[in-house]
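Letter by letter, the chains look like this.
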Amino acid sequence: MTRSTLGRAVLACHVALALLIAAAVASGGVTPPRLGLLAFVLAPLLATLYGLVTQRRGTERWLAVLLVPYAGALSVEVVARSGAAPSLSAALLICVLELGLLLALIRARGARG
């Protein structure tokens, strides 16, 4: 895969992750506490989205570090709900896929400068 293909795949995973998390949080109804939770959870993802789109140099590394707690939290939620929340299961898979793609992209950029 070329760097541009990896970058597009990371961007697609990032958008899908944000949408799946938003759908999971909003699935119980839209209330002020849920909107606050949604803003709190999505703020870091939306902040890094700009860096991915503009291809800022350090964004991939920061995002790789940021995704680790998301993967952990999603793992806990999927296990706690015994897989009864398919949107969270899909979000976990997308999160891990994005993390793998980010590591490949970081390595490709490091090898070529």
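Our subject in this report is the structure included herewith. All values reported here derive from a predicted model rather than from experimental measurement. (Residues numbered from 1 in each chain as written. Predicted model: local features only at pLDDT ≥ 70, side-chain atom pairs only at ≥ 80, totals over all residues. Heavy atoms only, no water.)

### Notes on the nonpolar core
Ranked by size, the top nonpolar core spans 31 residues in total, and within it L17, I21, L42, L45, L67, L74 and C95 carry the most contacts. Not counting the four nearest positions on each side in its chain, C95 is found in contact with L17, L67, Y70, A71 and L74. (Core = buried A, V, L, I, M, F, W, Y, C linked by side-chain atoms within 4.5 Å. Buried < 20%, exposed > 50% of the residue type's maximum accessible area, 1.4 Å probe, protein only. Contact = heavy atoms within 4.5 Å.)

### A word on the pattern of salt bridges
Summed over the entire model, instances satisfying the criterion amount to 1 salt bridge. Linking E77 and R81 is a salt bridge whose minimum nitrogen-to-oxygen distance equals 3.0 Å. (Salt bridge = Lys/Arg side-chain N within 4 Å of Asp/Glu carboxyl O.)

### Some thoughts on the packing of helix 1 (residues 3-26) against helix 2 (residues 32-54)
Closest axis-to-axis distance for the helix 1/helix 2 pair is 10 Å, and the angle between their directions is 175 degrees. If you check the angle between helix 1 and helix 2, you find them roughly antiparallel. Counting all contacts with helix 1, which are made through V10, L11, H14, V15, L17, A18, I21, A22 and V25, the residues of helix 2 involved are R34, L37, L38, V41, L42, L45, T48, L49, L52 and V53. The residue inventory of the contact of helix 1 with helix 2, partitioned by class, reads 16 nonpolar, 2 polar and 1 charged. (Axes fitted to C-alpha atoms, helices over the stretch in contact; angles between N-to-C directions. Helix = DSSP H or I, 4+ residues; strand = E, 2+ residues; numbered from the N terminus. Parallel < 35°, antiparallel > 145°, perpendicular 65-115°, else oblique. Nonpolar A, V, L, I, M, F, W, Y, C, P; charged D, E, K, R; others polar.)

Purely geometric stuff here, so don't read any function into it on its own.
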